[in-house]
Amino acid sequence: MPEYIVEENALKDFLQSISKGRVLLSPQGVGDKCQITETTPDKVTLNFTNTHISPKTLFFPQTEWLMSFQKDHSKPHPYVYQDLGDKAKSAVVFGIRPCDAKGLSVSNKVFQNDRFTDPYWKGKYESVIKVGLACKDPFPQCFCVAMGGSPYGATGLDVLAFPSEKGLGLKPITDEGAKLLAEANLKEADLSSELKSQEEAAIKAQGIPDDYSPIDHRGLLNLFQDPQWQSIAENCLNCGVCTFICPTCHCFDIQDEENSEGGVRMRNWDTCMSWLFTVHGTGHNPRPSKTERVRQRFMHKLKYIPMKQNGDRGCTGCGRCVVLCPVNIDIRSVALRMSTLNMQKQA
Amino acid sequence: MPSLEETTQKIRETAKKALADGKAEVVIGYKKGTYPLSTAPFFARTPEDCDQLIWSNFARINLANYLPGRPGKVAVVAKGCDARSIVGQVAENQFHKDNLYVIGVPCTGMVDNNLIAAKEQRPYRDYSETLDTITLKGADFSTEIKKEEVLRRNCRTCANRTPKTADELVGPEVPGAQADDFADLKELHSKSPEERMEYFKDLIKDCLRCYACRNACPLCYCPVCFVDETRPQWLGKSTDPMDTLTFHLLRGLHCAGRCTSCGACETACPVNIKVREFNRITEETVMDEWGYEAGLSWEQKPPLTVFQPDDEASFIK
Ligand code: SF4
Ligand code: SF4
Ligand code: SF4
Ligand code: SF4
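Every value quoted in this text rests on a predicted model; they were computed, and no experiment measured them.

### Observations concerning the site of ligand 1
Piece 1. The environment of ligand 1 is formed by 13 residues, the closest being A:Cys236, A:Cys239, A:Gly240, A:Cys242 and A:Cys325.
Piece 2. Of the residues contributing to the shell around ligand 1, the split by class is 10 nonpolar, 2 polar and 1 charged.

Below is the structure:
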């Protein structure tokens with residue numbers, strides 16, 4: 001597939017064209033405190049680091065109403081759940097970062113796979129065309145390369161955009177992306193060598209990545225039984241910030257809320273860092289202490305998900321949890337400890 | 001005031017001595033963080049561990065949070081506000097004073113990273129700090145910021161910087177602390193009840209209900225928080241604004257007469273909510289009603305835990 005170029009003064013027209021008949025979504029806000037929201041072509045900026053919390057909210061909102069019911073017997077179907085319908089809108093997102101697109105593709109395999117399909121996720125995930133923005137100058141908190149990605153990675157994207165010398169470069173990734181670009185009447189250009197050299201420079205700028213591959217080869221029980229989870233847990237507040245802001249964390253809790261007339265069934269984000277996440281009706285808790293909960297978070301991301309998803313990790317190196325954990329529990333240090341055979345005392 | 005390095009040295013010496021003298025099996029302090037402008041809580045158990053302890057303008061988290069329920073003898077590094085929290089925990093029987101050794105650090109205030117972010121948007125991978133300045137080092141720039149300008153809100157109004165209840169101080173008292181006049185609440189008081197409701201709703205509009213504020217708080221040690229109760233379930237779990245507001249209002253009231261404005265809640269919040277606003281109001285009320293400030297001495301009794309026959313309490317008959 002060819003690449004395309006959009007000159008700087010033509011960016012607005014391009015965005016206008018791709019958002020024809022669709023909602024345009026793009027990061028809005030100041031500095032790193034931005035979030036992907038509905039916007040118009042004139043407000044789109046390329047000048048942001050990444051969204052403050054991950055864009056999973058687009059496909060997996062913190063609270064989502066699934067069904068409703070009513071109790072009034074004089075009305076039809078009392079006590080029968082009514083589907084609240086999928087609120088998916090056809091949209092194009094411009095400016096999602098490669099780490100997040102990859103993280104959402106990991107969640108996508110959790111919500112849609114050969115065993116079942118979650119209609120609420122599917123509707124929203126599939127109605128959004130994803131145009132990613134490569135990170136020419138990776139940010140200090142980023143470690144996507146160490147996690148097996150790249151600042152120019154295309155996993156989970158339909159189109160990869162990148163700042164070229166001649167304007168905005170666009171590389172179609174999927175057929176849907178190719179169609180989107182073909183319909184936008186753009187100038188074709190061979191940008192493959194520029195893309196390659198930019199990617200190499202960006203990877204270099206992130207520094208020599210830590211090697212986490214030994215985790216893939218270490219035995220599950222070996223990792224599971226490591227006494228060092230205790231020392232990580234000693235610091236952890238079990239607040240769950242790390243999971244709420246993460247692009248790959250996808251756990252939820254189903255709740256019914258009702259009053260005298262009826263009610264709704266909803267799902268809300270949940271977090272494995274909370275004791276409530278696993279406690280049984282009997283009061284028994286299979287993850288009784290912070291140690292088991294901390295272990296679950298890291299084992300899930302760095303061992304269980306890779307085992308189920310052909311080596312793709314449940315962390316894509318966006319760095320949010322590193323920056324936002326109130327007590328500086330750093331997944332890079334944990335991954336490094338999991339990688340070294342004799343885990344040393346926590347440094 | 002001693003430099004950060006001098007205080008660091010003094011903390012290390014004191015920690016080693018506390019371990020050697022059997023005053024503590026573990027010293028809870030701070031070590032350097034893994035990314036710019038951060039520290040991490042650190043549990044030192046050997047003299048070698050103690051050499052990792054540091055003092056910093058980013059020692060924001062209140063380490064008293066790690067005390068309730070902890071077995072054995074513990075030494076803890078405490079700022080003025082943290083030492084007050086510890087006094088409160090002892091008064092509330094959450095930790096036994098005999099098992100405690102408080103290493104007090106006279107404090108000149110901690111830095112709010114959001115204020116730094118507002119001053120320097122360019123990326124930096126390195127930084128350095130002195131007691132009065134923070135220097136950010138980017139690829140082609142170096143920006144020096146005065147600590148005075150980026151202090152946390154609670155540190156600006158702090159009147160108890162020296163932890164006077166500590167077993168040992170690692171430096172001289174901080175001079176010139178002024179009495180807190182709650183000037184920061186004046187504007188709020190000028191609002192009508194309706195305006196105030198709007199103000200609070202707006203304050204928490206980004207809240208994720210992650211409860212990091214609660215979990216970072218040294219007062220929130222309840223084994224099961226009311227928001228986590230399931231039988232009965234007091235509160236909905238969604239992002240419904242009334243449920244979220246109820247959480248904050250109730251937590252604010254639960255902290256009345258106990259909060260020491262250590263700012264751990266605001267430091268922990270991932271979306272920069274001024275959580276302390278709720279507690280600040282109760283702090284002022286308790287001051288007005290009982291002339292009481294939490295955690296200033298081992299003798300004082302928290303006003304909401306005592307009854308006196310001459311209490312006004314006209315509502316109890
Ligand atoms: S953000 Fe940090 S303290 Fe909070 S649960 Fe995650 S690792 Fe623990
Ligand atoms: S684990 Fe942390 S760094 Fe990795 S994807 Fe999640 S938030 Fe980002
Ligand atoms: S509130 Fe006071 S004692 Fe606490 S960190 Fe701020 S200045 Fe220091
Ligand atoms: S830490 Fe912030 S986002 Fe989390 S519950 Fe508290 S106020 Fe809400």
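### Examining the site of ligand 2
Piece 1. Surveying the vicinity of ligand 2 reveals the residues A:Phe143, A:Ile245, A:Cys246, A:Pro247, A:Lys301, A:Cys315, A:Thr316, A:Gly317, A:Cys318, A:Gly319, A:Cys321 and A:Ile331.
Piece 2. Its residues assigned to classes, the shell around ligand 2 shows 8 nonpolar, 3 polar and 1 charged.

### A look at the nonpolar core
Piece 1. In this structure, A:Phe298, A:Met338, B:Trp55 and B:Ile86 are the most contacted members of the largest nonpolar core, which totals 133 residues.
Piece 2. With residues near it in sequence (within four places) discarded, B:Trp55 still touches B:Leu4, B:Thr7, B:Thr8, B:Ile11, B:Tyr30, B:Val77, B:Lys79, B:Val105 and B:Met110.

### Considerations on empty space enclosed by the protein
Residues and elements named next belong to chain A.
Piece 1. All told, the structure shown has 9 cavities of 30 Å³ or more when counted by the stated rule.
Piece 2. Its boundaries defined by the atoms lining it, the largest cavity holds a volume of some 120 Å³.
Piece 3. Around the largest cavity, the lining is made up of 16 residues, and of these Asn50, Cys99, Cys135, Phe139 and Cys142 lie nearest the centre.

### Topic: the sheet that holds strand S5 (residues 126-129) of chain B
Either a parallel or an antiparallel arrangement is found when strands of a sheet pair, and the pairing is made through backbone hydrogen bonds.
Residues and elements named next belong to chain B.
Piece 1. What the 3 strands build is an open sheet, ordered S5-S6-S7; its pairing is antiparallel. Of all the strands in the sheet, the pair left with one neighbour each is S5 and strand S7 (142-146). Adjacent strand axes in the sheet meet at a mean angle of 20 degrees, parallel and antiparallel pairs treated alike.
Piece 2. Summarising the sheet, strand S6 (residues 133-137) and S7 pair through 5 bridges and their orientation is antiparallel. Across the sheet, residue Lys137 finds its bridge partner in S7, namely Ser142.

### Some thoughts on the pairing of S6(B)
Residues and elements named next belong to chain B.
Piece 1. Of all 5 residues making up S6, 4 are buried, and the element is well covered by its neighbours.
Piece 2. Sheet topology places S5 next to S6; 4 bridges connect them, and they run antiparallel. Across the sheet, residue Glu129 finds its bridge partner in S6, namely Ile134.
Piece 3. Counted between consecutive antiparallel strands, the loop separating S5 from S6 contains 3 residues.
Piece 4. Between S6 and the antiparallel strand that follows it, S7, lie 4 residues.

### Remarks on the sheet that holds strand S4 (residues 100-104) of chain B
Residues and elements named next belong to chain B.
Piece 1. An order of S2-S1-S3-S4-S8 is seen for the 5 strands of this open sheet, with the pairing classed as mixed. A single partner strand is all that each edge strand has here, and the edge strands are strand S2 (39-44) and strand S8 (168-169).
Piece 2. Where helix H3 (residues 80-91) meets the sheet, it contacts strand S1 (26-32), strand S3 (74-78) and S4, and its direction lies at approximately 140 degrees from that of S3.

### Digging into the domain arrangement of chain B
All names here are of chain B.
Piece 1. Considered domain by domain, chain B is made up of domain 1 (1-109 + 157-179) and domain 2 (180-303).
Piece 2. A straight line from the C-alpha centre of domain 1 to that of domain 2 covers 24 Å.
Piece 3. With 24 residues of domain 1 at the interface, the matching set in domain 2 holds 22 residues.
Piece 4. Interface area for domain 1 against domain 2, summed over the two sides, is near 2,000 Å², with a carbon-plus-sulfur share of 57%.
Piece 5. Where domain 1 packs against domain 2, one counts 1 salt bridge.
Piece 6. Linking Arg258 and Glu92 is a salt bridge whose minimum nitrogen-to-oxygen distance equals 2.8 Å.
Piece 7. The interface formed by domain 1 and domain 2 contains 8 residue pairs in polar contact (both at pLDDT 80 or more).
Piece 8. Here the element with the most residues in the side of domain 1 that touches domain 2 is H3; it accounts for 8 residues.
Piece 9. Looking at the side of domain 1 that touches domain 2 residue by residue, the classes come out as 10 nonpolar, 9 polar and 5 charged.

### Some remarks on the interface of chain A and chain B
Piece 1. The partner chain B presents 41 residues to the 37 residues of chain A that form the contact.
Piece 2. Carbon and sulfur atoms make up 51% of the surface buried where chain A meets chain B, a total of about 3,100 Å² over both sides.
Piece 3. Across the contact surface, chain A and chain B share 2 salt bridges.
Piece 4. Two residues, B:Arg70 and A:Glu234, come together in a salt bridge whose shortest N-O distance is 3.4 Å.
Piece 5. Counting every contact that joins chain A to chain B gives 14 residue pairs in polar contact (both at pLDDT 80 or more).

### Concerning the packing of helix H7 (residues 193-203) of chain B against helix H11 (residues 276-290) of chain B
Any two packed helices are characterised by the angle at which their axes cross and by the distance between the axes.
Residues and elements named next belong to chain B.
Piece 1. Where H7 contacts H11, the two axes come as close as 11 Å, and the packing angle between them is 140 degrees. Taken as axis vectors, H7 and H11 run oblique relative to one another. Together, Tyr199, Phe200 and Leu203 of H7 and Glu277, Phe278 and Ile281 of H11 make up the contact between the two elements.
Piece 2. Of the residues assigned to the contact of H7 with H11, the class counts are 5 nonpolar, no polar and 1 charged.

### Some words on the pattern of salt bridges
Piece 1. Summed over the entire model, instances satisfying the criterion amount to 32 salt bridges over all chains.
Piece 2. Residue B:Arg214 pairs with B:Asp228 through a salt bridge whose shortest N-O separation is 3.3 Å. Here B:Arg214 is found in helix H8 (residues 212-215), whereas its partner B:Asp228 is found in the loop between H8 and helix H9 (241-254), with 14 residues between them in sequence. Comparing B:Arg214 with B:Asp228, the two get one shared label, buried.
Piece 3. Residues joined in a network through salt bridges with shared partners are A:Glu64, A:Asp118, A:Lys124 and A:Arg267.

Rules used in this analysis
Residues numbered from 1 in each chain as written. Chains lettered and ligands numbered in written order. Predicted model: local features only at pLDDT ≥ 70, side-chain atom pairs only at ≥ 80, totals over all residues. Heavy atoms only, no water. Near = heavy atom within 4 Å. Nonpolar A, V, L, I, M, F, W, Y, C, P; charged D, E, K, R; others polar. Core = buried A, V, L, I, M, F, W, Y, C linked by side-chain atoms within 4.5 Å. Buried < 20%, exposed > 50% of the residue type's maximum accessible area, 1.4 Å probe, protein only. Contact = heavy atoms within 4.5 Å. 1 Å grid on protein atoms, 1.4 Å probe; cavity = no way out; pocket = protein on both sides within 12 Å on 5 of 7 lines; lining within 4 Å. Points joined across faces, edges and corners; volume = space filled by probe spheres on them. Pairing = 2+ DSSP bridges. Helix = DSSP H or I, 4+ residues; strand = E, 2+ residues; numbered from the N terminus. Axes fitted to C-alpha atoms, helices over the stretch in contact; angles between N-to-C directions. Domains from an automatic or database assignment. Buried area = accessible area lost by both parts, 1.4 Å probe. Salt bridge = Lys/Arg side-chain N within 4 Å of Asp/Glu carboxyl O. Polar contact = N/O pair within 3.5 Å; in protein donor to acceptor, adjacent residues only side chain to side chain. Parallel < 35°, antiparallel > 145°, perpendicular 65-115°, else oblique.

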